[in-house]
Amino acid sequence: MKLVSRAAWGARGYRLPSGATLYSSSRRRGVKLHYLGTAYSDRSHDRCDDYVRQLQAQHMDGNGWSDIGYSFLVCTHGYVYEGRGLRRRNSANGNTTLNEQDYAVCLLVGSSGLTRPTDAQLHGARNAIDYCRSEGPAGTWLGGHRDGYATSCPGDPIYVWAKKGAPRPGATSTPAPAPSEEDDMEAFDVWAYKGKDEATDAYAYLRGTNRKVDALLTQVAGLSAAVQSLASQLGDDVDTEQVVAAVQQAIRDAVIQVDVDITGTQTA
Ligand SMILES: [Zn+2]
Ligand SMILES: [Zn+2]
């Protein structure tokens, strides 16, 4: 594994132990995967540590956390950056219980721009998972931030990969069954917006939802105008108001459908 220590990437205060809380028990259930949930563009590797330092500053100065939120981060070139590392509680999984439960490994992949992990990155993430398991120690449970918490993180490509058991690129594997509907429901039952704890993912999610609603309203406004003009061209023997009302009802039904879609699927 190409591990980049805190000293090597120039973590703030790397000469001192991280200020993050030690885990209260010795063993984690497993590992949760994350992505950035923001725009991200690929870069040459000499700029990856700049990005990790920038994230650390954002989490410490912006969110007021004791350190960068993730246990480990994996760049597109397959290097594994030590975040809070082993034995210290991450602050990325949504709340203290979830942070206690699993390690948090973030792949440097965005919700726009670069949205799919590279092969090198998948190898790096696989290395980080194995490292957490053997050295953490952690059990074999593997999933994403969205398991048990309402977020789109880690994005579909990484989530699907995690649920297949994180196979190395090129390796053949038996796909795991898709997550059941009950798992999806659970994510919503425990929806609790924790403010700064989850700022990045929650804002990305809300921005995505707002964009959809805006696009939808624009479409509805356009449709209404089109129907009015169409109905007025139909002639005197047509009840324009009745036609408009019928079409408006159809639009309302469609809006309700889309509304269900917006709240029922998590895309950011
Ligand atoms: Zn996440
Ligand atoms: Zn890199």
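Attention here is on the structure that accompanies the text. (Residues numbered from 1 in each chain as written. Chains lettered and ligands numbered in written order. Predicted model: local features only at pLDDT ≥ 70, side-chain atom pairs only at ≥ 80, totals over all residues. Heavy atoms only, no water.)

Notes on the overall build of the protein chain
A tally of helices and strands in the protein chain yields eight helices and eight strands. Within the protein chain, the proportion of its 268 residues that are buried is 41%. Within the protein chain, contacts between residues at least 6 apart in sequence are counted, and of these 70% link residues at least 24 apart. (Helix = DSSP H or I, 4+ residues; strand = E, 2+ residues; numbered from the N terminus. Buried < 20%, exposed > 50% of the residue type's maximum accessible area, 1.4 Å probe, protein only. Contact = heavy atoms within 4.5 Å.)

What about the coordination of the zinc ion (ligand 1)?
Within the protein, the zinc ion (ligand 1) binds to His 34 (ND1), His 145 (ND1) and Cys 153 (SG); these donor distances fall in the range 2.1 to 2.3 Å. Expressed as a motif, the donor residue spacing for the zinc ion (ligand 1) is H-x110-H-x7-C. Here His 145 lies in the loop between strand S8 (138–144) and helix H5 (156–163) and His 34 lies in strand S2 (residues 28–34), a separation of 111 residues in the sequence. By the burial criterion, His 34 is buried, and His 145 matches it. (Donors = N, O, S within 2.8 Å, 3.2 Å for Na, K, Ca; no water.)

Focus on the packing of aromatic side chains
The way to describe two aromatic rings as a pair is by their centre distance and the angle between their planes. As enumerated under the stated definition, the model contains three aromatic pairs in all. Arranged with centres 4.9 Å apart and planes meeting at 80 degrees, the rings of Tyr 40 and Tyr 51 form a pair that is edge-to-face. Here Tyr 40 is found in strand S3 (residues 39–40), whereas its partner Tyr 51 is found in helix H2 (residues 48–62), with 11 residues between them in sequence. Exposure class is identical for Tyr 40 and Tyr 51. Each is buried. Geometrically, the ring pair formed by Phe 72 and Tyr 131 is edge-to-face, given 5.7 Å between the ring centres and 80 degrees between the ring planes. One end of the pair, Phe 72, is in strand S4 (residues 72–74); the other, Tyr 131, is in helix H4 (residues 119–135), with 59 residues separating them in the sequence. On the basis of relative accessibility, which here comes to 26%, the residue Tyr 131 falls in the partly exposed class. (Phe/Tyr/Trp six-rings, centres within 6.5 Å; stacked < 30°, edge-to-face > 60°.)

Re H2
With 15 residues, H2 extends 20 Å from end C-alpha to end C-alpha; this agrees with the ideal 21 Å at 1.5 Å per step. When we look at burial in H2, the residues that qualify are Cys 48, Tyr 51, Val 52, Leu 55, Gln 56 and His 59. The buried side chains of H2 occupy one side of the element, clustering within an arc of 140 degrees when seen end-on. Residues of H2 that are exposed and angled more than 90 degrees away from the buried face: Asp 61 and Gly 62. For H2, the secondary structure elements touched by its buried residues are helix H1 (6–9), S3, S4 and strand S5 (80–82). A positive backbone phi angle near 75 degrees is found at Gly 64, which sits one or two residues after H2. (Expected span 1.5 Å × (residues − 1). Arc of directions from axis to C-beta.)

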